[in-house]
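# Working through the structure, step by step
Spelled out from the first residue to the last, the chains are:
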Amino acid sequence: MKTVFPQQSTTRRWAAGTALAAGLLILAPLAALEPPPAQAQSDLRKSFPGRRVGGGTRGDCSSRLLAHLVPASSVFAPGKERYLGLLEGPSASPSPLEITFRPLSGRGTADAAMASGQRRVLPASTPGITLITMPSVKMPTIWESSYLCPGAAATPTPADPLNFVAADSPPALSLLVADASKEDGAVQASLVKLHRSCGASVPREEVGSAFGLSDLITAQWPERIPVRCPA
């Protein structure tokens, strides 16, 4: 006759329960490491390697000033009006301007499909400000602008838009987010004011002061800067 030890069954159940509890203890800290959307966006504001001023040093096209009218951090919440502004400098041979918008995932990496990215090309123009209206920002979105210079080699879009290297003519690169900061509010108000001057012009000193770009707007610029608002 075989002897049965009930305590062995009890021991196994206790061990299984302990293992499960240990697993939960391991998973709980991992879940806590995932920040909520607001915190993740705040982290992006601190870490995004943007540059609101593009252009390089070689050739008239590639060295032409191109600046996003955003805070110095190059991270910006467009607000309910969703206005975005670009400042183009003087040039003897203007080239078309390419604008792209590419979404990021919540963790700051490129979306796998990139299917929702948008591209727009604006015609070559004289020095001035161009205001555009973008769709509502539902997730952090990269905004990149650069000139389509003649003879420039086409470069493929990197798998990760945060992993870029400097070129002769690096683009203006900004991150668009939903939650506005104090700096965003001031820029939003300045863009709304500029929008009232669509089709007209504004003093160059006013533009430099409003966006912190006075050191870039030199005597080579016209005294009044045209404001363009393409459809």
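The text that follows walks through the structure, step by step, so that each part is easy to find.

The rules we used
- Residues numbered from 1 in each chain as written.
- Predicted model: local features only at pLDDT ≥ 70, side-chain atom pairs only at ≥ 80, totals over all residues.
- Heavy atoms only, no water.
- Helix = DSSP H or I, 4+ residues; strand = E, 2+ residues; numbered from the N terminus.
- Buried < 20%, exposed > 50% of the residue type's maximum accessible area, 1.4 Å probe, protein only.
- Contact = heavy atoms within 4.5 Å.
- Areas by Shrake-Rupley, 256 points an atom, 1.4 Å probe, with all protein chains shown as cover.
- Phe/Tyr/Trp six-rings, centres within 6.5 Å; stacked < 30°, edge-to-face > 60°.
- Pairing = 2+ DSSP bridges.
- Disulfide = S-S within 2.5 Å.
- Axes fitted to C-alpha atoms, helices over the stretch in contact; angles between N-to-C directions.

## Observations concerning the overall build of the protein
The number of helices and strands found in the protein is 4 helices and 11 strands. Within the span of the protein, comprising 231 residues, buried residues form 37% of the whole. Long-range pairs, those at least 24 residues apart, make up 76% of the contacts in the protein with a sequence separation of at least 6. Total accessible area on the protein stands at roughly 13,200 Å², and carbon and sulfur atoms take up 59% of it.

## What to know about the environment of Ala-72
Tracing the chain through its elements places Ala-72 in the loop between β2 (66-68) and β3 (75-76). For the pair formed by Ala-72 and Gly-212, sequence separation is 140 residues and the distance between their alpha carbons is 7.8 Å.

## What about the packing of aromatic side chains?
Aromatic ring pairs are reported here in terms of the distance separating the ring centres and the angle at which the planes meet. Taken as a whole and assessed by the stated rule, the structure comprises 1 aromatic pair. Arranged with centres 6.3 Å apart and planes meeting at 25°, the rings of Phe-101 and Trp-143 form a pair that is stacked. With Phe-101 in strand β5 (residues 97-103) and Trp-143 in strand β8 (residues 141-147), the pair connects residues that are 42 residues apart, well separated along the chain.

## Describing the sheet that holds β5
Strand order across the open sheet formed by 5 strands is β3-β9-β8-β5-β6, with mixed pairing between neighbours. Two strands in the sheet have a free side with no partner beyond their single neighbour: β3 and β6 (118-122). Where β5 and β6 come together, 5 bridges link them in antiparallel fashion. Each residue of the ladder has a partner; that of Leu-97, found in β6, is Leu-122.

## A word on the side chain of Thr-100
With respect to the helices and strands, Thr-100 occurs in strand β5. According to the relative accessible area criterion, Thr-100 is buried, its value standing at 16%. Residues within four places of Thr-100 in sequence aside, it is in contact with Gln-118, Arg-119, Ile-142, Trp-143 and Glu-144.

## A short note on the state of the cysteines
As enumerated under the stated definition, the model contains 2 disulfides in all. The partner cysteine of Cys-61 in its disulfide is Cys-149, sulfur to sulfur 2.0 Å. Taking the sign of the S-S torsion, -85° for the link of Cys-61 and Cys-149, the bridge is left-handed. Here Cys-149 lies in the loop between β8 and β9 (172-176) and Cys-61 lies in the loop between β1 (53-54) and β2, a separation of 88 residues in the sequence. For the residue pair Cys-61 and Cys-149, the accessibility class agrees, reading buried in each case. Paired by a disulfide, Cys-198 and Cys-229 hold their sulfur atoms 1.8 Å apart.

## Concerning the sheet that holds strand β10 (residues 201-203)
Hydrogen bonds between backbone groups are what pair the strands of a sheet, and the pairing can be parallel or antiparallel. Spatial strand order, β1-β2-β4-β7-β11-β10: 6 strands in an open sheet with mixed pairing. The outermost strands of the open sheet, each flanked by one partner alone, are β1 and β10. Pairing geometry for β1 and β2, over 2 bridges, is antiparallel. Within the sheet, the bridge partner assigned to Val-53 lies in β2 and is Ala-67. The strands that helix α3 (residues 182-195) touches are β4 (83-88), β7 (128-133), β10 and β11 (224-228); relative to β4, the one it contacts most, it runs at about 75°. Set on the sheet, helix α4 (residues 204-211) makes contact with β7, β10 and β11; between it and β10 the angle comes to about 75°.

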